[in-house]
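Listed here are the chains, written in short residue letters.
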Amino acid sequence: MAKTNKQNIILENLVPADVKPPYAPEVEASVLGAMLIEKEAVPKAIEFLTTASFYLKEHKLIFEAMLSLFNASEPIDTVTLYEELKKLSKKFKLKAILVHSGGWKKLEKQKVSKK
């Protein structure tokens, strides 16, 4: 696993700052969704990916939160991920992350259904 991380760092240094790398937000979201749904997907994803593998800042933060939970041997589910994102959301507002991922609409629906 150490080789993969070193290789990613070297590749990042080779890309000029003004060149945008190709990215696919749908694929990033699918990977994060798989990690959230299937706990066996987490170690597999962590083996090949780093936060630098994600283009969108929101996806980087979500991956970072999942990685933190995994390293702490905590379960990765919506509740623990939400709590971890609250801890890590110093750089980004949690609402912006939830809006981007579609989670904000789900939270709003839950609030309405509870009334």
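Residues numbered from 1 in each chain as written. Predicted model: local features only at pLDDT ≥ 70, side-chain atom pairs only at ≥ 80, totals over all residues. Heavy atoms only, no water.

Some points on the overall build of the chain
Along the chain, the regular secondary structure elements total seven helices and zero strands. Overall, the chain shows an N-to-C arrangement of helices and strands of α-α-α-α-α-α-α. Looking at the chain as a whole, 25% of its 115 residues are labelled buried. Of the contacts formed within the chain by residues at least 6 apart in sequence, a portion of 55% connects residues at least 24 apart. Total accessible area on the chain is roughly 8500 Å²; 60% of this is exposed by carbon and sulfur atoms. (Helix = DSSP H or I, 4+ residues; strand = E, 2+ residues; numbered from the N terminus. Buried < 20%, exposed > 50% of the residue type's maximum accessible area, 1.4 Å probe, protein only. Contact = heavy atoms within 4.5 Å. Areas by Shrake-Rupley, 256 points an atom, 1.4 Å probe, with all protein chains shown as cover.)

Some remarks on the side chain of Glu84
Here Glu84 lies in helix 5 (residues 78-88). Residue classification places Glu84 among the buried residues on the basis of a relative accessible area of 9%. Discounting chain neighbours no more than four positions away, the residues touching Glu84 are Ala65, Ser68 and Leu69.

What about the nonpolar core?
Counting 15 residues, the largest nonpolar core has Leu32, Met35, Ile62, Phe63, Met66, Leu81 and Leu85 as its most contacted members. Those elements giving two or more residues to this core turn out to be helix 2 (25-37), helix 3 (41-48), helix 4 (57-71) and helix 5. For this core, the leading source of residues is helix 4, giving six residues. Not counting chain neighbours up to four residues away, the residues in contact with Met35 comprise Ala41, Val42, Ala45, Phe63, Met66 and Ile76. (Core = buried A, V, L, I, M, F, W, Y, C linked by side-chain atoms within 4.5 Å.)

Points about the packing of helix 4 against helix 5
At a closest axis distance of 9 Å, the pairing of helix 4 and helix 5 adopts a crossing angle of 110 degrees. By the criterion of interaxial angle, the relationship of helix 4 to helix 5 is roughly perpendicular. Read as a crossing pair, helix 4 and helix 5 show a hand that is right-handed. On the side of helix 4, the interface is formed by Leu61, Ile62, Glu64, Ala65, Met66, Ser68 and Leu69, while helix 5 contributes Thr80, Leu81, Glu84, Leu85 and Leu88. (Axes fitted to C-alpha atoms, helices over the stretch in contact; angles between N-to-C directions. Parallel < 35°, antiparallel > 145°, perpendicular 65-115°, else oblique. Left-handed = near helix turned anticlockwise from the far one by under 90°.)

Read these as layout, nothing more, since geometry by itself doesn't imply function.
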